[in-house]
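Spelled out from the first residue to the last, the chains are:
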Amino acid sequence: MSLGALMSEKRARSTSSQVYMSKEVDWQMLDKSRFFFLGAALFSGVSTALYPIVVLKTRQQVSPTHVSCANISLAIARLEGLKGFYKGFGTSLLGTIPARALYMTALEITKSSVGQATVRLGLSDTTSMAVSNGAAGLASAVAAQVVWTPIDVVSQRLMVQGDLSLNKHVPGVISSCRYANGFDAFRKILYSDGPRGFYRGFGLSILTYAPSNAVWWASYSLSQKKIWSRFKGPHGHKEDARGSVAVQALSAATASGCSALITMPVDTIKTRLQVLDVEENGRRRAMTVMQTVKSLMREGGGFGACYRGLGPRWVSMSMSATTMITTYEFLKRLSTKKQR
């Protein structure tokens, strides 16, 4: 029996004065080929729209001094034009498709498996949803980072090219190299650092995204339940498309705020570790975590330096999560197997 069926059966045994929540579409109910094909198309469109915000966030994080988003945007527009906002986009998009496929597969399988186990253990709906969504977020983040970390390393290095301030204010800290395109960056990183060069910051990526995803999905499910409870009526509240989208969007924005604040320092250190090198005795080498932290502290602002780029990251996460989750729920409904 699927998780959706188990949850429906459990709710049917509860009182008639219940909180209505949108019907869950789980892994067993999906047409997989349609799910992955439509997912690649929909999420590629979302990534295209949100990519400039990621570029602004990355440049703020690696800048040795605080520079506002407005100033960075104006500088990119003036010196690099529209293409400056899409540096590394081809590489990022190429990696997004397999990474998203891994993410969605791990998310749905884990959510379904853990959800069924929690329901059979007799946990409440609220606890079951929080535990299954949290576990699914954790598993999907770890699976996706196997693909996403190398893509991040290449695309972020392309993003910061042209940001001349990288070489001015912090002695010994320089941008890694000059790259013609994503393939050139791949070749040069492989030559200088070997395969492990593509997994710079992998541990920090797991520390950033695994708990962030676990918190996000758990918060999202709890926020949804809390918001739907406001619509409680004598016989429950009937679903309508507009109401579902509004609840999903508000829940996603709430969950994103928590995740951004909690994981921002680790994300800043991870981005610098992946993008910047240190020069010693005329040779370039990867920075260590401690060197990255010390360089941040030397630049001024203390711990606050770890929160550079918080504004764009918060906006990016909120917009991305809101768009992604509404798209994702829509995708699942489009991909549901036809009932016979």
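Cut-offs used in this document
Residues numbered from 1 in each chain as written. Predicted model: local features only at pLDDT ≥ 70, side-chain atom pairs only at ≥ 80, totals over all residues. Heavy atoms only, no water. Pairing = 2+ DSSP bridges. Helix = DSSP H or I, 4+ residues; strand = E, 2+ residues; numbered from the N terminus. Salt bridge = Lys/Arg side-chain N within 4 Å of Asp/Glu carboxyl O. Buried < 20%, exposed > 50% of the residue type's maximum accessible area, 1.4 Å probe, protein only. Axes fitted to C-alpha atoms, helices over the stretch in contact; angles between N-to-C directions. Parallel < 35°, antiparallel > 145°, perpendicular 65-115°, else oblique. Left-handed = near helix turned anticlockwise from the far one by under 90°. Nonpolar A, V, L, I, M, F, W, Y, C, P; charged D, E, K, R; others polar. Phe/Tyr/Trp six-rings, centres within 6.5 Å; stacked < 30°, edge-to-face > 60°. Lys NZ or Arg CZ within 6 Å of the ring centre and 35° of its normal. Core = buried A, V, L, I, M, F, W, Y, C linked by side-chain atoms within 4.5 Å. Contact = heavy atoms within 4.5 Å. Expected span 1.5 Å × (residues − 1). Bend = angle between axes of the 7 residues up to and from the residue.

(A) Highlighting the pairing of strand E3 (residues 283-286). Alignment of strand E2 (residues 276-280) against E3, held across four bridges, turns out to be antiparallel. Counted as the bridge partner of glutamate 280 is arginine 283 from E3. Here E2 folds back onto E3, and the loop between the two strands holds two residues, one of which, asparagine 281, carries a positive phi near 55 degrees.

(B) Examining the pattern of salt bridges more closely. All chains considered together, the criterion is met by nine salt bridges. Among the ionic pairs, lysine 270 bridges to aspartate 152, the shortest N-O distance being 3.8 Å. With lysine 270 in helix H8 (residues 241-275) and aspartate 152 in helix H5 (residues 125-159), this pair connects stretches of sequence that are 118 residues apart. Exposure class is identical for lysine 270 and aspartate 152. Each is buried.

(C) Main features of the packing of H5 against helix H7 (residues 202-229). Contact pair H5 / H7: the axes reach a minimum separation of 7 Å and the direction vectors enclose 150 degrees. Relative to H7, the element H5 lies roughly antiparallel. Relative to H7, the crossing made by H5 is right-handed. Taken together, the residues of the contact of H5 with H7 sort by class into 15 nonpolar, ten polar and three charged.

(D) Expanded view of the packing of aromatic side chains. Under the criterion given, the structure shown has nine aromatic pairs. Here tyrosine 86 and phenylalanine 89 contribute two aromatic rings whose centre-to-centre distance is 5.5 Å and whose plane-to-plane angle is 85 degrees, an arrangement assigned as edge-to-face. When the ring of tyrosine 103 is compared with that of tryptophan 148, the centres are 6.4 Å apart and the planes differ by 75 degrees; the resulting orientation is edge-to-face. In this pair, tyrosine 103 is assigned in helix H4 (residues 89-120) and tryptophan 148 in helix H5, connecting sequence segments 45 residues apart. Both residues of the pair, tyrosine 103 and tryptophan 148, belong to the buried class. Of the aromatic side chains, those joined through ring pairs into one cluster are Tyr51, Tyr86 and Phe89. Across the ring face of tyrosine 103, the terminal group of arginine 100 is positioned such that the distance to the ring centre comes to 5.9 Å.

(E) Representation of the nonpolar core in the model. Formed by 23 residues in total, the largest nonpolar core has its most connected members in Trp216, Trp217, Tyr220, Ile325 and Tyr328. Elements supplying a minimum of two residues to this core: helix H2 (32-62), H4, H5, H7, H8 and helix H10 (310-334). Those residues in contact with tryptophan 217 that sit more than four places away from it in its chain are Tyr103, Leu107, Lys111, Asn133, Gly134, Gly137, Ile325 and Tyr328. If you look at the next biggest cluster of nonpolar residues, it comprises twelve residues, including Val62, Val160, Leu204 and Cys306.

(F) Summary view of the environment of arginine 284. Its location among the elements puts arginine 284 in strand E3. Overall, arginine 284 belongs to the partly exposed group, its relative accessible area being 48%. It is 9.3 Å that separates the C-alpha atoms of arginine 284 and serine 192, two residues lying 92 residues apart in sequence.

(G) Molecular detail of H4. For H4, spanning 32 residues, the distance from its first C-alpha to its last is 45 Å, which sits close to the expected 46 Å at 1.5 Å a residue. Threonine 96 marks where H4 bends most, by close to 30 degrees; the proline proline 98 follows one to four residues later. Within two residues after H4, glycine 122 carries a phi angle of roughly 85 degrees, on the positive side.

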